[in-house]
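Topology and contacts: notes
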There are 2 protein chains.
Amino acid sequence: MSLLVVGSIALDTVKTPFGERTDVLGGAACFFSVAASFFTPVRLLGVIGDDFPDRHVQLLRSRGIDLTGLERRVGGKTFRWSGSYEGRMDIATTRDVKLNVLGEFKPTVPAAYLDSEFVFLANTDPVTQSHVIRQVEGRRFAMLDTMNLWIDTKRDALLEALRLVDGVVMNDEEARSLGGSSNLIFAMNALSNMGARLLVVKKGEHGSVMLRNGEFFALPAYPLDGVVDPTGAGDTFAAGFVGHLASTQDLSWANLKRALAYGTVTASYTVEDFSLDRLLSIDRSDLDRRLNTFVSMTTW
Amino acid sequence: MSLLVVGSIALDTVKTPFGERTDVLGGAACFFSVAASFFTPVRLLGVIGDDFPDRHVQLLRSRGIDLTGLERRVGGKTFRWSGSYEGRMDIATTRDVKLNVLGEFKPTVPAAYLDSEFVFLANTDPVTQSHVIRQVEGRRFAMLDTMNLWIDTKRDALLEALRLVDGVVMNDEEARSLGGSSNLIFAMNALSNMGARLLVVKKGEHGSVMLRNGEFFALPAYPLDGVVDPTGAGDTFAAGFVGHLASTQDLSWANLKRALAYGTVTASYTVEDFSLDRLLSIDRSDLDRRLNTFVSMTTW
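Structural notes, computed from the coordinates. Since we're looking at a predicted model, the values are computed, not measured. (Residues numbered from 1 in each chain as written. Chains lettered and ligands numbered in written order. Predicted model: local features only at pLDDT ≥ 70, side-chain atom pairs only at ≥ 80, totals over all residues.)

A separate point is the sheet that holds strand 1 (residues 3-6) of chain B. Residues and elements named next belong to chain B. Spatially, the nine strands line up as an open sheet ordered 5-4-1-8-9-10-11-12-13, and their pairing is mixed. In this open sheet, the two edge strands, each paired with only one partner strand, are strand 5 (66-73) and strand 13 (215-219). Along the sheet, successive strands turn relative to each other by an average axial angle of 15°, direction set aside. Two elements, strand 4 (residues 42-49) and strand 5, share six bridges in a ladder whose sense is parallel. Pairing of Leu45 across the sheet is with Gly69, part of strand 5. (Pairing = 2+ DSSP bridges. Helix = DSSP H or I, 4+ residues; strand = E, 2+ residues; numbered from the N terminus. Axes fitted to C-alpha atoms, helices over the stretch in contact; angles between N-to-C directions.)

So, about the interface of chain A and chain B. Between chain A and chain B, the residue contacts involve 29 residues of the former and 29 residues of the latter. Those elements that provide at least two residues to the side of chain A that touches chain B are helix 7 (184-193), strand 13 (215-219), helix 9 (253-270) and helix 10 (284-298) of chain A. In the side of chain A that touches chain B, the residues fall into 15 nonpolar, eight polar and six charged. (Contact = placed C-beta atoms within 7 Å. Nonpolar A, V, L, I, M, F, W, Y, C, P; charged D, E, K, R; others polar.)

Here we take up the relation of the copies chain A and chain B. Expressed as a screw transformation, the operator carrying chain A onto chain B has a rotation angle of 180° and an axial translation of 0.0 Å, and the superposed copies differ by an RMSD of 0.0 Å. The two molecules are tied by a two-fold rotation axis, judged by turn and shift. Mapped onto chain B, 100% of the interface residues of chain A again fall at the interface, so both copies present the same surface. (Least-squares fit on C-alpha atoms with pLDDT ≥ 70 in both.)

Okay, the environment of Gly234 of chain A next. By secondary structure assignment, the location of Gly234 of chain A is in helix 8 (residues 233-248). In this structure, the C-alpha to C-alpha distance between Gly234 of chain A and Asp286 of chain A, residues 52 residues apart in sequence, is 19 Å.

Before going further, it helps to spend a moment on the environment of Val265 of chain B. Following the sequence through the fold, Val265 of chain B ends up in helix 9 (residues 253-270). Distance from Val265 of chain B to Asp277 of chain B, taken between C-alpha atoms, is 16 Å for residues 12 residues apart in sequence.

Side chains on a regular strand alternate between the two faces of the sheet. Residues and elements named next belong to chain B. Counting buried positions along strand 9 (residues 141-145) gives four out of five residues, so the element sits mostly inside the fold. Relative to strand 9, strand 8 (residues 118-121) runs parallel, the two sharing four bridges. From the neighbouring strand, Leu121 faces strand 9, where its bridge partner is Leu144. Once the chain exits strand 8 it traverses helix 3 (residues 126-133) before rejoining the sheet at strand 9, and the crossover so formed is right-handed. (Buried ≥ 20, exposed ≤ 12 C-beta atoms within 10 Å, placed from the backbone. Right-handed = clockwise from strand over helix to strand, strands pointing away.)

This part covers the sheet that holds strand 8 (residues 118-121) of chain A. Residue and element names in this part refer to chain A. Spatial ordering of the open sheet is given by 5-4-1-8-9-10-11-12-13, a layout of nine strands whose pairing is mixed. Every other strand in the sheet has two partners, leaving strand 5 (66-73) and strand 13 as the edge strands with one partner each. The mean angle between the axes of side-by-side strands here comes to 15°, regardless of whether they run parallel or antiparallel. Judged from the three bridges that link them, strand 9 (residues 141-145) and strand 10 (residues 167-171) form a sheet pairing that is parallel. Bridged to Met143 within strand 10 is Gly167. Helix 1 (residues 28-36) rests against strand 1 (3-6), strand 4 (42-49), strand 8 and strand 9 of the sheet, and its axis sits at about 160° to strand 1.

Here you go:
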């Protein structure tokens, strides 16, 4: 089943204790679409500038990603993010952000995308997220991601978007902040009361917790002894989650649990190298093999 | 099967966002022995002073805990710890420590305890831990807990003790420190190479990870929306773990996984109130009921 993803496409400059990469392929929608393409056909809605290398476009196309909604703005420059990680690498330090063409990104969903049944609104301005989701009336399941910036500056718009969609994913600090409690479970219950029907909280190396209809489900992270670059972990976690749901078209609680495990193993590959390098070196059978290993590491 | 625990018995003064308690029952061996008494007969080896209230002794006795090894030192004062928790309550701030009679604690294992098959060496000086475990020659399974103080000041003695026992439990910061890596999984592999045959790492609200023979197993924490006082969480986690092993006498990997789950739910009760108050309000069927809930929250 087709999965529409809307969000940023970026050229990233990243420094970690394991090296540095300049202007590599990045952006939430980009990470998401490549990772989700292991599971289901993906449609990408995003904007790039003149400077976006053709080889990156070819790469996305080679993954079977529908690029009807990829707008190349003439005279514009691609969104750029520069950041670094140190020590435990659990927090990205942003060194520079240039929104460029992303600053005026107010997308119209192409006619060919309007029948998308699964939609992922990668982290963007919640006003834009609401604007997009209102255009895809027939969607069966829409999920959004967000970040502290919007919690701090556009809280009301974010709460409105949160009520429009079927699921919300964020990291634990964001959940504590928006939910208004230092206790994560208390904060998650609060977010549920604010209208989050399905809530998935990412905790990086500590795994994830999910809440729907008052029921909690939690998984640890996949144990990794070598994290090279955490960039894109959250986006590809969401891609494994929503990608599995879209491919199975099954929104049961049991299948949501399985989706969370797919999110976990998908993200575990992402962080093993810079940019999309590791994900591009594996195939679907690798994901399934690691999923089976993960079962034996977490089931008793 | 009898489970011997050696370690501190304390009078704690604790302040959390939910209140303050003065001179309540505490200490690692005390938390451990009460929690382990849900699972198996417990033998306590520890020292108290003149000032230790008789009602606390009666309480321990009422749990069926063998107090043959409880030494009341005339003219001495009981070990006291005073600490506080704020915000996320994941870190205790020690406000005051008075070792008192614990300062000269170099215990001789009573003859009646020498046939103990399971032994838990609660956090103490690793020299003392080695001294004790060498006396219990016939034990089938011994585990030790430790803390940053010994990692920083008695590293060699700690590594020696670690090689004498069958299992080691510590928190994640301690594992990263002793294992010499900011990556927990890397650090755990390093500890395994240093001689830790079974390694259990506690991560507080983020659950736990276990390693034996190169195999990892991880569990999230039990989701709690109201943590009142984290004191004793680690000790009662270890009690659920070792208590289940002692009661089943089964050291298989499958049973170690189940033991980790028992540790998780035992600790989850502890933190719901001050001191041992919550644990003393439940019975074994409550532990088993929460274990079943935990299964549905973590198994897919």
